[in-house]
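Residues per chain are reported as follows:
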Amino acid sequence: MCGVTGLWQRHGGARDTLLAQAQAMSARLSHRGPDDSGVWCDEAAGIALAQRRLSILDLSPAGHQPMRSTDGRHVIVFNGEIYNHLELRERLHAEHAAPAWRGHSDTETLLACFVAWGVERTLQATGGMFAFALWDRQQRSLTLARDRMGEKPLYYGWQGDTLLFGSELKALKAHAAFRADIDRGALALLLRHDCIPAPHAIYRGVSKLRPGHLLRMPADAPREAQPEPYWRYNEAVSAGLGEPLIATDAAATDALEAQLGASVGAQMLSDVPLGAFLSGGIDSSTIVALMQARSDRPVRTFTIGFSESGYDEAAHAKAVARHLGTEHTELYVHPEDALAVIPRLPAIFCEPFGDSSQIPTFLISQLTRREVTVALSGDGGDELFGGYNRYLAARTTWEKAQRLPPLARRAAAGALRVVAPAAWDRLFERIKPLSPKRWHLATPGDKAQKLADVLTLSSGQAFFLHLASQWRDPASIVLGAQEPPTLLTDPEAWPHTGNLAQWMMAMDAQTYLPDDILVKVDRAAMANSLETRVPMLDHRVVELAWRVPLRQKIRDGQGKWLLRQVLYRHVPRALVERPKMGFGIPLDSWLRGPLRDWAEAQLDESRLRQEGYFQPAAIRQKWKEHLSGRRNWQHQLWTVLMFQAWLEENRRAPA
């Protein structure tokens, strides 16, 4: 795990200047790689590459970057891990194409594969997470690439005649040519989704390379180059649905356990201490169980707990850890610990980011880094195996609602809105002892309001976009904004599934997962110099998941059915069976309590008007309603607050 960056001045440049610029950009990424740094340049070509290294594999100088291929043609800066790189070395040996190896790093393996097979064939053969920049000294061309699922980030953009690229925006901003002009369309997307989806970025002229894409820029026309996919998620969906897994429940469980176990085993390869996040939920418990099954000593596991009722999973994690025999570390976090993270968020996230679970994610990463350098996580299980409640809603609430006349749906929506969210919460809490488990919902009041909002929508796709939106019409909130198109608004980019629940899963895997979940994990972990790995996002697990029929994912009103069967082979059902709980904080009450003064200053009407990004009246209205307790606008307000805090931080940060 590392930070990579660089620049390309098409008309060349002085060596000392190129090196100084690249070093300045690299210095902004020191948190991503505190163990080593390196820079390389070709002044005639105007190219400079730099890297900050967090040493994981091959801790010797043989793993130093930027790294040159043995024939001297290619130079690379690489961030990530190639989990099957030893297998790739064996293939090169079998083809008599292996060089005299200098070390055992996966970066060296990757370079040797580029020499033997070319870039695209190499990418097709790799299994891993990565973002890299590869310079071809012979053709004077630059290639940028990102892994299939988007675990590792890569920004790029032209500033005048200079191309800048890097793992985080803060590296690009360190270059003297960078113009920090905010893209109001991207800001509108932030308000809708809590994040800015690729390829968009908060600054004009900057893009994020999309997952599964590469960008090849030839020397004669680099600015005209466009990203192209080397792997398409929709094709994995179509292939899986076209060749479904025809197997008994037991055989399907065997197949998933074998494939996921192989991914876990490959991702446990490390030359530094390794552990795992453990919440006690289905996903993380499955990963830890498969890790422990492959280890001859206790796996290190980590969890944090909160004292607030409804937000603490530490006891569940501890029970799972005790059963599996892991070496478990837990830390109970007080509200002041979480609140202390908030001032750091604008520096941790290089562009504004509105998912408030960034706070506990940072805290668990901080705890974990005290003991290990690498941590496996359970992300991806919901999108692949139908874990989110909205997939169940697609099969129940949405389908049932469509059977009602429009007038009846509008009447039902009105009835739901009459009762305040807090009143719904109290009602469900009172009937909980007498109600079936499927009614044991987290935040039922918010869910009632969301149900009211969607009852009158006209299509399943509109239903999903509504659920994926915080501010419903963000372009009316952001002054001068025109909301740009995204995957969610482009029917030509949609997968063909023939089923709304599966369509939603495929869309989440290409939007919410890489743009929100993986961004959150990468930035929070890297701020602590911790490498995270996500075994469920191995492309072979993804491809198998799409062969699994929906009835083996969602069954009897419960998601992740098949994944649960794998877990039950290792952990008693009673230890993990409970309503789904998000990795959250009591943000709604904090905004009315300890964060109130800070939020009031950020949302001050005169400040909003002076800065000129938002329509103050709409924001102030939601703030007043939230303070009164009539509505819970925590998510909408938090996204605005994160932009305001980010804007303040970046104004005072050095250029």
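To keep things clear, this report deals only with the structure shown in the data block.

Conventions used here
- Residues numbered from 1 in each chain as written.
- Predicted model: local features only at pLDDT ≥ 70, side-chain atom pairs only at ≥ 80, totals over all residues.
- Heavy atoms only, no water.
- Axes fitted to C-alpha atoms, helices over the stretch in contact; angles between N-to-C directions.
- Helix = DSSP H or I, 4+ residues; strand = E, 2+ residues; numbered from the N terminus.
- Parallel < 35°, antiparallel > 145°, perpendicular 65-115°, else oblique.
- Left-handed = near helix turned anticlockwise from the far one by under 90°.
- Contact = heavy atoms within 4.5 Å.
- Nonpolar A, V, L, I, M, F, W, Y, C, P; charged D, E, K, R; others polar.
- Salt bridge = Lys/Arg side-chain N within 4 Å of Asp/Glu carboxyl O.
- Phe/Tyr/Trp six-rings, centres within 6.5 Å; stacked < 30°, edge-to-face > 60°.
- Buried < 20%, exposed > 50% of the residue type's maximum accessible area, 1.4 Å probe, protein only.
- Lys NZ or Arg CZ within 6 Å of the ring centre and 35° of its normal.
- Core = buried A, V, L, I, M, F, W, Y, C linked by side-chain atoms within 4.5 Å.
- Pairing = 2+ DSSP bridges.
- Disulfide = S-S within 2.5 Å.

1. Some details on the packing of helix α9 (residues 282-293) against helix α23 (residues 561-568)
Running from amino to carboxyl end, α9 crosses α23 at an angle of 40 degrees, the nearest separation of the two axes being 9 Å. As summarised for this structure, α9 and α23 are arranged oblique, according to the angle between their axes. The way α9 lies across α23 gives a crossing that is left-handed. Judged by residue contacts, I282, D283, S285, T286 and A289 of α9 engage L563, R564, V566 and L567 from α23. Split into classes, the residues belonging to the contact of α9 with α23 amount to five nonpolar, two polar and two charged.

2. Digging into the pattern of salt bridges
Once their charged atoms are close, side chains differing in charge can pair, the charge on each being opposite to the other. Applying the stated criterion to the full structure yields 33 salt bridges. Where E257 meets R569, a salt bridge forms, and the shortest distance between an N and an O atom there is 2.8 Å. Taken together, the residues span a long stretch of sequence, with E257 in helix α8 (residues 249-267) and R569 in the loop between α23 and α24 (573-576) at a distance of 312 residues. Each of the salt bridges in this network shares a partner with another, and the network as a whole consists of R32, K152, E168, K170, D522 and R523.

3. Observations concerning the packing of aromatic side chains
Following the criterion strictly, the structure yields 16 aromatic pairs and no others. Summarising the aromatic geometry, the rings of F349 and F353 are spaced 4.8 Å apart at their centres and angled 0 degrees between planes, so their arrangement reads as stacked. Taken as a pair, F349 and F353 share a single burial class, namely buried. Geometrically, the ring pair formed by Y388 and Y512 is edge-to-face, given 5.9 Å between the ring centres and 70 degrees between the ring planes. Placement of Y388 in the loop between α14 (381-385) and α15 (389-401) and of Y512 in helix α21 (residues 512-526) is noted, with a sequence separation of 124 residues between them. By the ring-pair criterion, three or more aromatic residues cluster together here, those being F178, Y203, Y613, F614, F643 and W646. A cation sits over an aromatic face here: R390 above Y512, 5.4 Å from the ring centre.

4. Examining α23
Summarising burial for α23: eight of the eight residues are buried, a large majority. Turning to α23, its buried residues number three or more, namely W561, L562, L563, R564, Q565, V566, L567 and Y568. Of the surrounding secondary structure, the elements contacted by the buried residues of α23 are α8, α9, α14 and α24.

5. Regarding the environment of A506
Within the secondary structure, A506 sits in helix α20 (residues 500-510). As a C-alpha pair, A506 and L384 span 122 residues in sequence and 7.9 Å in three-dimensional space. In this structure A506 touches Y233, V237, P495 and W546, once residues within four positions along its chain are discounted.

6. Brief notes about the nonpolar core
Counting 96 residues, the largest nonpolar core has I76, F132, Y233, L384 and F463 as its most contacted members. The biggest single contributor to this core is α20, with eight residues. Apart from the residues lying within four places of it in its own chain, the contact partners of F132 are I76, V77, F78, L110, F114, L123, T143, L144, A145 and L154. Counting 77 residues, the second-largest nonpolar core is a separate cluster that includes L7, A186, I342 and V640.

7. Examining the pairing of strand β8 (residues 155-159)
The two faces of a sheet get side chains in turn, since along a regular strand they alternate between them. The buried count for β8 comes to five of five residues, which makes it a mostly enclosed element. For β8 and strand β10 (residues 207-208), the ladder comprises two bridges, and the chain directions are antiparallel. For Y155, the partnering residue across the bridge sits in β10 and is K208. Sheet topology note: the β8/strand β9 (residues 162-166) ladder contains five bridges and is antiparallel. Its bridge partner being in β9, W158 is matched across the sheet by L163. Counting the residues between successive antiparallel strands, the hairpin from β8 to β9 contains two residues, one of them, G160, with a positive phi of roughly 70 degrees.

8. Some points on the sheet that holds strand β7 (residues 141-146)
Note on sheets: strands pair through backbone hydrogen bonds, and any given pair is parallel or antiparallel. Strand order in this open sheet of six strands is β4-β5-β6-β7-β11-β12, and the pairing throughout is antiparallel. Because the sheet does not close on itself, it has two edges, and the strands there are β4 (67-68) and β12 (228-229). Two elements, β4 and strand β5 (residues 74-82), share two bridges in a ladder whose sense is antiparallel. Its bridge partner lying in β5, M67 is registered against I76.

9. A few points about the sheet that holds strand β17 (residues 531-533)
One open sheet accounts for five strands, arranged β15-β14-β13-β16-β17; its pairing is parallel. Each edge of the sheet is formed by a strand with only one pairing partner; in this case those strands are β15 (327-333) and β17. With strand direction ignored, the average angle separating the axes of adjacent strands in the sheet is 30 degrees. Strand direction decides the pairing type here: strand β13 (residues 274-277) and strand β16 (residues 374-376), joined by three bridges, are parallel. Note on β16: the bridge partner recorded for G275 is A375. Where α9 meets the sheet, its contacts fall on β13, β14 (300-306) and β16, and the angle it forms with β13 comes to roughly 155 degrees.

10. Let's talk about the state of the cysteines
Applying the stated criterion across every chain, the model contains zero disulfides. With no disulfide of its own, C113 lies closest to C2 among cysteine sulfurs, the gap being 18 Å. Under the relative-accessibility criterion, C113 is labelled buried at 0%. Of all cysteine sulfurs in the structure, the one in C350 sits closest to C195, which takes part in no disulfide; the separation is 13 Å.

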